[in-house]
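Chain residues, written in single-letter form:
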Amino acid sequence: MTETTVPQVIYLGGLGRSGTTLLERLLGELPGVVALGEVVHLWERGVLAAELCGCGVVFPACPFWGRVGKTAFGGWTRRLAERMLTLRHRVDRTRRIARIDHPDLAEYTRAYRRLYRAADAPVVIDSSKHASLACCLVASGLDAHVVHVVRDPRAVAHSWARTVHRPEDGRPMTRWSPARTAVHWSAQNAALELLPGRGARVTRIRYEDLLADPGATLKGLAVRLGLPEPELGFLEGRTARLGPSHTASGNPMRFHVGNVELRRDDSWRSGLADGDRRVVDALTWPLRARYGYTGVAA
């Protein structure tokens, strides 16, 4: 890959707990595809906090990321990470999607281009989720294909309300109330809906459809992304065989190696209180209907 060539970039967008990590892990098993994780958090969690890579090694000691950092920037430094966090605060904001132009946009997105290129793969996946970063990349001229991942907001609300421990240190991950989750679900999905108007290529996929027929959904998605017809040898029915990954940040599933059963988590049906369900229903309409989540069964 030449110094100016950028690989095909697949950007996974959506609210957390919507299935983006699962989809990233599955796509990452395809030939020529490298999953990078939530690159937007790499600067703080990887470079500064030295959290674990998806391979289980601390970020600074991971050979893959060491090679990427050296190729892209001459190495990872605190100065680089702090500069990227400053630029993110200035440029990468949801409120700027309507008018993303900013004097620092070119510098901010140039770092992502260098990083994607240094991964040295035909296709890279960035599962940063945020619509604002996708908008920044597209506005800078990067030809990223956004995959908008949606999930029933009642299931998402139930997931955010549960206690989940971080495998890195055992601390509980952030929890949100159902009402707060519903507001974020609506805001993030509404922001992603704006991207086609900003020139982005966007393909939507539902978590429920992926879990209902993983093979057919992955093959259909590959066609829409312009990827070669995939060989799904890692997939047997509803069982996926996952190898190691080098994802920089994401939910605990990024560490899983081996077989994983692809089953829907519908625990919200019995676990989400009626009052909370009514609140979520009210706050997520009409996008919930747009995505087909109109009844109890979706």
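Values in this document were obtained by computation on a predicted structure and should not be read as measured data. Counting restarts for each chain, with residues numbered from 1 along the sequence as it is written. Per-residue local features of the predicted model are confined to residues with pLDDT of at least 70, and side-chain atom pairs are confined, for both listing and counting, to 80 or more; whole-chain, interface and lining totals are unaffected and use all residues. Excluded from the side-chain calculations are hydrogens and water; all other atoms, namely the structure's heavy atoms, are used.

Draft legend 1. Spotlight on the sheet that holds strand 2 (residues 33-35). Only when DSSP finds a minimum of two bridges between them are two strands counted as paired. What counts as a helix is a DSSP run of H or I of at least four residues, what counts as a strand is a run of E of at least two, and both are numbered from the N terminus. Spatial strand order, 2-3-1-4-5: five strands in an open sheet with parallel pairing. The sheet terminates laterally at strand 2 and strand 5 (201-206), the two strands that pair on one side only. Adjacent strand axes in the sheet meet at a mean angle of 25° when their direction is disregarded. With three bridges joining them, strand 2 and strand 3 (residues 123-129) adopt parallel strand pairing. Its bridge partner lying in strand 3, Val34 is registered against Val124. Think of each axis as a best-fit line through the C-alpha atoms, taken over the contacting stretch in the case of a helix, with angles from 0 to 180 degrees between the N-to-C directions.

Draft legend 2. Looking closely at the environment of Ala144. Position of Ala144 among the secondary structure elements: in strand 4 (residues 144-150). Judged by relative accessible area, which is 3%, Ala144 ranks as buried. Counting along the chain gives 133 residues from Ala144 to Tyr11, while the straight-line C-alpha distance between them is 6.4 Å. Contacts of Ala144, omitting those with residues within four sequence positions, involve Val9 and Arg201. Relative accessibility thresholds used throughout: buried, under 20% of the residue-type maximum; exposed, over 50%; partly exposed, between the two (1.4 Å probe, protein chains only). Only heavy atoms enter the contact rule, under which two residues are in contact if any of them lie within 4.5 Å.

Draft legend 3. Inspection of the nonpolar core at higher detail. Definition used in this section: a nonpolar core is a set of buried Ala, Val, Leu, Ile, Met, Phe, Trp, Tyr and Cys residues joined via side-chain atoms within 4.5 Å. Judged by nonpolar contacts, the single largest core of 47 residues is most densely connected at Leu36, Trp43, Trp65, Tyr108, Tyr112, Leu115 and Tyr116. Of all elements in the fold, only strand 1 (8-13), helix 2 (42-48), helix 3 (63-73), helix 4 (78-91), helix 5 (105-118), helix 6 (131-139), strand 4 and helix 8 (178-193) reach the threshold of two or more residues within this core. Aside from chain neighbours lying at most four places away, what touches Leu115 is Leu36, Val39, Leu42, Trp43, Trp65, Val68, Ala72, Phe73 and Trp76. Formed by 29 residues, the second largest nonpolar core is a distinct cluster that contains Leu22, Leu30, Ala35 and Ile125.

Draft legend 4. Inspection of a nonpolar patch on the surface at higher detail. Only residues above 30% relative accessible area that lack a salt bridge enter a patch, with like-charged residues linked at up to 9 Å and the nonpolar side chains Val, Leu, Ile, Met, Phe, Trp and Tyr linked at up to 5 Å. Per-residue and other accessible areas follow the Shrake-Rupley method at a 1.4 Å probe size, with only the shown protein chains counted as cover for residues. Each reported salt bridge corresponds to a side-chain nitrogen of Lys or Arg within 4 Å of a carboxyl oxygen of Asp or Glu. A contiguous nonpolar patch, built from Val183, Val279 and Leu283 and spanning about 220 Å² of accessible area, is present on the exposed surface. As for its position among the elements, Val183 is in helix 8. A residue is classified by how much of its surface remains accessible, and Val183, at 46% relative accessible area, is partly exposed.

Draft legend 5. Fine view of the pattern of salt bridges. Tallied over the full model, the rule gives 15 salt bridges. A salt bridge links Glu193 to Arg204; the shortest N-O distance between them is 3.0 Å. In this pair, Glu193 sits in helix 8 while Arg204 sits in strand 5, placing the two residues eleven residues apart along the sequence. Through salt bridges with shared partners, a single ionic network connects Asp152, Arg154, Asp281 and Arg288.

Draft legend 6. Structural detail: the packing of helix 7 (residues 153-161) against helix 12 (residues 274-284). Relative orientation of the contacting elements helix 7 and helix 12 amounts to 125°, with a least axis distance of 10 Å. With respect to helix 12, the element helix 7 is oriented oblique. For the crossing formed where helix 7 meets helix 12, the hand is right-handed. Two secondary-structure elements touch here, helix 7 through Pro153, Arg154 and Ala157 and helix 12 through Arg277, Val280, Asp281 and Thr284. Any residue outside Ala, Val, Leu, Ile, Met, Phe, Trp, Tyr, Cys, Pro, Asp, Glu, Lys and Arg is labelled polar, Gly included; the first ten of those are nonpolar and the last four are charged. Residues that form the contact of helix 7 with helix 12 fall into these classes: three nonpolar, one polar and three charged. Relative orientations are named as follows: roughly parallel for angles under 35 degrees, roughly antiparallel for angles over 145 degrees, roughly perpendicular for angles from 65 to 115 degrees, and oblique for any other angle. Rotating anticlockwise by less than a right angle from the far helix to the near helix defines a left-handed crossing, while the corresponding clockwise rotation defines a right-handed one.

Draft legend 7. Structural context of the packing of aromatic side chains. Each Phe, Tyr or Trp ring (for Trp, its six-membered ring) is paired with any other whose centre lies within 6.5 Å, and the angle between the two planes then decides the class: stacked below 30 degrees, edge-to-face above 60, tilted in between. Using the criterion set out here, one finds twelve aromatic pairs in the structure. Consider the rings of Phe73 and Trp76, whose centres lie 5.5 Å apart with planes at 50°: the pair is tilted. Here, over-ring charges are defined by two tests on the NZ atom of lysine or the CZ atom of arginine: distance to the ring centre within 6 Å, and angle to the ring normal within 35 degrees. Note that Arg17 overlies the ring of Trp160, its terminal NZ or CZ placed 4.4 Å from the centroid. In this structure, Arg151 packs its charged tip against the face of Tyr207, placed 4.2 Å from the ring centre.

Draft legend 8. Quick look at helix 10 (residues 214-225). Expected helix span is given by 1.5 Å per residue-to-residue step, counting one fewer step than there are residues. Given a rise of 1.5 Å per residue, twelve residues ought to cover 16 Å, and the 16 Å separating the end C-alpha atoms of helix 10 matches this to within 8%. Of the positions making up helix 10, those classed as buried are Pro214, Gly215, Thr217, Leu218, Leu221, Ala222 and Leu225. On an axial view of helix 10, the arc spanned by its buried residues comes to 165°, and they lie on one face. Of the surrounding secondary structure, the elements contacted by the buried residues of helix 10 are strand 1, helix 1 (20-27), strand 4, strand 5, helix 9 (207-212) and strand 6 (235-236). Looking one or two places after helix 10, you find Gly226, whose phi comes out positive at around 80°. The arc in question is traced by the directions running from the helix axis to the C-beta atoms.

Draft legend 9. Expanded view of the sheet that holds strand 7 (residues 239-242). Ordered in space as 6-7-8, the three strands form an open sheet in which the pairing is antiparallel. In this open sheet, the two edge strands, each paired with only one partner strand, are strand 6 and strand 8 (258-261). Note that strand 7 and strand 8 share four bridges and pair antiparallel. Looking at the pairing, Thr239 lines up with Glu261 of strand 8.

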